[in-house]
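# An overview of the molecular structure
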Amino acid sequence: MSDSESTAENAGVLPEPAREIAAGYAVSGAALDLGALLWDGICLPDVQIRIPLAMLNRHGLVAGATGTGKTKTLQLIAEQLSANGVPVFLADIKGDVSGIAAPGTPGDRVAERAGQVGQEWQAEGFPCEFYALGGIGPGIPLRATVTSFGPVLLSKVLELNQTQEQSLGLIFHYADSKGLESVDLKDLRAVVAFLVSDTGKAELKGIGGLSTATAGVILRSITAFEQQGAGDFFGEPEFDTAELLRQAPDGRGLVSVLELAAVQDKPQLFSTFLMWLLADLFHDLPEVGDLDRPKLVFFFDEAHLLFDGASKAFLESITRTVRLIRSKGIGIFFVTQTPRDVPAEVLAQLGNRVQHALRAFTPDDAKALRSTVKTFPNSPYDLEELLTRLGIGEAVITVLSENGAPTPVAATRLRAPRSLMGPCPAAELDAAVKGSPLYGSYAQAVDRESAYEKLGAGQEAERRAAEAKTAATAAKAARAAEAADRAAVEEAVRGERVRGRAGGGGGAGGKAAEEDASLVEQVVRSGMFRSLARSVGTQLGREISRSLFGTARRRR
């Protein structure tokens, strides 16, 4: 008997609204089992709430207040996707998702939950790869180049305003057109500094220019970003996002876990980095249309961090990516506290919904609750009341059926994950990372020639050329001055000799000595000598002073 026939048969004893809900979740093809229907406070294990595997690329939302079980829901869905051969990407912000690699621990609570929802529970671990942004934390280092990250995403993490974002786009345009690849942040800093230098200013005049003030803001933002330790995230070898699409040797989908516990104080960075992964996948993957199963399902945890303070260009990029990436076989699930955290344009693209409990302790909470209820189809439940009474591991669900229509809203008690509901032991995690075939490819950073070195080499060549030109000009001037000074001294000496011979004197020896003494005295007293002596700052002046203070004249 098929699952759909079993569900329909058991639904015959249910109240009419419950029978309609049960019929909405009857699936003929492959599907994920989420849990059992809750109706009138009773859990009905014969009515399974399921999501067709083919509908996972229609995206989804997992929402709920803190502590209501969202992480375990991710784990539950990820396990079944892997078992069906679908690769999964998970962001592990708190460090407790890594347990998906290890078998779960049997216990009374697990057995009780399995009995309530009609689950045949068996402990099982799933094939995983662990990554870490820039190698900060346990995991294979995951890096991107600044050039591939692009100006829109980088503006988000640098917290630039719209004008500064446009200026950064101009900088990227210039660097791309000149072949100045920015691998890391020092490359970008070098390009910005060059474009506001005397040499580089002319380069941007034809396309709008870059103000010194804006460049200063960008440079300060880059510096502050690096001081937060973010410089490690940019560089090479750049991560190939095709690695996320792999299967394990046994045919199960590989679960890629990005360990973010060590950088959870940098939410804008890691949330934007996750968006880069999606954008890169979107760029590289071909159109495939509707498949019987997705090529990858991507869970975007703490999604509100992605949208907080986002520019118009950034939001447009997200909306476009979410809308179009479905046709490339990628499903995206956003995970956050309320649907209001997600912009309406994005929320409209999310066909599958798992809403955990919400709390209404404040007027703002009550407003968020009412807003959440309005996002669901009409339902026989009083959702405003139900959403505040749900327990841990319970949720209100609506998904897309096999024909693409929304299923009825179903209060559901969720199944228990088969894997470890907690962090993987550190020693096992480290062994998994270093034993990965990818570790050797990405572990060691590489710093090859890029914009920083190219601009530095050009500026060094210009500096040396300028110094050589200055030195040549100074040498030429010095030679000319030396020649002029020599001529002047020689002329003065010849004049004194002529005047000495004309005046006559005593004996030949005495006259010669007197002439020499008189000549030296007169030259020293002359205005020409005093002028030369004052020029001791020049090499010629020092040479002349040092030589004329002796007892003998410089030989010629």
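A brief structural summary. This one's a predicted model, so the numbers in the text were calculated from it and none came from an experiment. (Residues numbered from 1 in each chain as written. Predicted model: local features only at pLDDT ≥ 70, side-chain atom pairs only at ≥ 80, totals over all residues. Heavy atoms only, no water.)

### Focus on helix α3 (residues 70–83)
What counts here: Comment: elements are numbered from the N terminus, with helices defined as DSSP H or I runs of at least four residues and strands as E runs of at least two. The span expected for a helix works out to 1.5 Å for each residue beyond the first. The cut-offs for exposure are 20% and 50% of the maximum accessible area for each residue type, with area from a 1.4 Å probe on protein chains only; residues under the lower value are buried, those over the upper are exposed, and the others partly exposed.
The end-to-end C-alpha separation of α3 is 20 Å, in line with the 20 Å expected for 14 residues at 1.5 Å each. Among the 14 residues of α3, twelve are classified as buried, and the element is accordingly described as predominantly covered. Every buried residue belonging to α3 is among K70, T71, T73, L74, Q75, L76, I77, A78, E79, Q80, L81 and S82, and all of these are buried.

### Looking at the packing of helix α7 (residues 185–195) against helix α9 (residues 212–227)
Which entries qualify depends on this criterion: Lines fitted to C-alpha atoms define the axes, with helix axes restricted to the stretch in contact, and inter-axis angles between N-to-C directions lie between 0 and 180 degrees. An angle counts as roughly parallel when it lies under 35 degrees, as roughly antiparallel when it exceeds 145, as roughly perpendicular when it falls between 65 and 115, and as oblique in every other case. A crossing counts as left-handed when the near helix is turned anticlockwise from the far one by less than a right angle, and as right-handed when that turn is clockwise. Here, two residues are considered to be in contact whenever any of their heavy atoms come within 4.5 Å of each other. Residue polarity follows a fixed list, in which Ala, Val, Leu, Ile, Met, Phe, Trp, Tyr, Cys and Pro are nonpolar, Asp, Glu, Lys and Arg are charged, and the others, Gly among them, are polar.
Relative to each other, α7 and α9 sit at 165°, their axes nearing to 10 Å. The angle between the axes of α7 and α9 places the two elements in the roughly antiparallel class. Considering how the two elements wind past one another, α7 and α9 form a crossing that is left-handed. Residue-level contacts link L185, K186, L188, R189 and V192 of α7 to A215, I218, L219, I222, T223, F225 and E226 of α9. Across the contact of α7 with α9, the residue classes break down as eight nonpolar, one polar and three charged.

### Topic: the environment of S441
Mapped onto the elements, S441 comes out in helix α17 (residues 439–442). Expressed as a C-alpha distance, the spacing of S441 and F239, which sit 202 residues apart in the sequence, is 9.4 Å.

### Focus: the pattern of salt bridges
As a reminder, the rule being used: Any carboxyl oxygen of Asp or Glu that lies within 4 Å of a side-chain nitrogen of Lys or Arg is treated as forming a salt bridge with it.
Per the counting criterion, the structure on display carries 16 salt bridges. For K434, the salt bridge identified is with D430, shortest N-O distance 3.7 Å. Of this pair, K434 and D430 both sit in helix α16 (residues 426–434), four residues apart, which is roughly one turn of that helix. Owing to a relative accessible area of 51%, K434 belongs among the exposed residues under this scheme. A residue is classified by how much of its surface remains accessible, and D430, at 39% relative accessible area, is partly exposed. Three or more residues are tied together by salt bridges with common partners; here these are R58, D290 and R326.

### Focus: the pairing of strand β4 (residues 88–92)
Inclusion rule: When DSSP finds at least two bridges between two strands, those strands are taken to pair.
When you tally the buried positions in β4, you get five out of five residues, the bulk of the element. Along β4, one buried face is formed by V88, L90 and D92 and the opposite face, lined by F89 and A91, is buried too. Relative to strand β7 (residues 255–259), β4 is paired through five bridges, and the arrangement is parallel. By the bridge assignment for β7, V88 is matched with V255. Note: β4 against strand β8 (residues 296–300), two bridges, orientation parallel. The residue of β8 that forms the bridge with V88 is V297.

### Regarding unusual backbone geometry
Here E236 and P237 are connected by a cis peptide whose omega angle stands at 0°. Here P237 is to be found in the loop between α9 and β7. A positive phi angle is found at E302, which is not glycine, with a value near 50°. With respect to the helices, strands and loops of the structure, E302 is situated in the loop between β8 and α11 (304–307). Judged by its relative accessible area of 28%, E302 is partly exposed.

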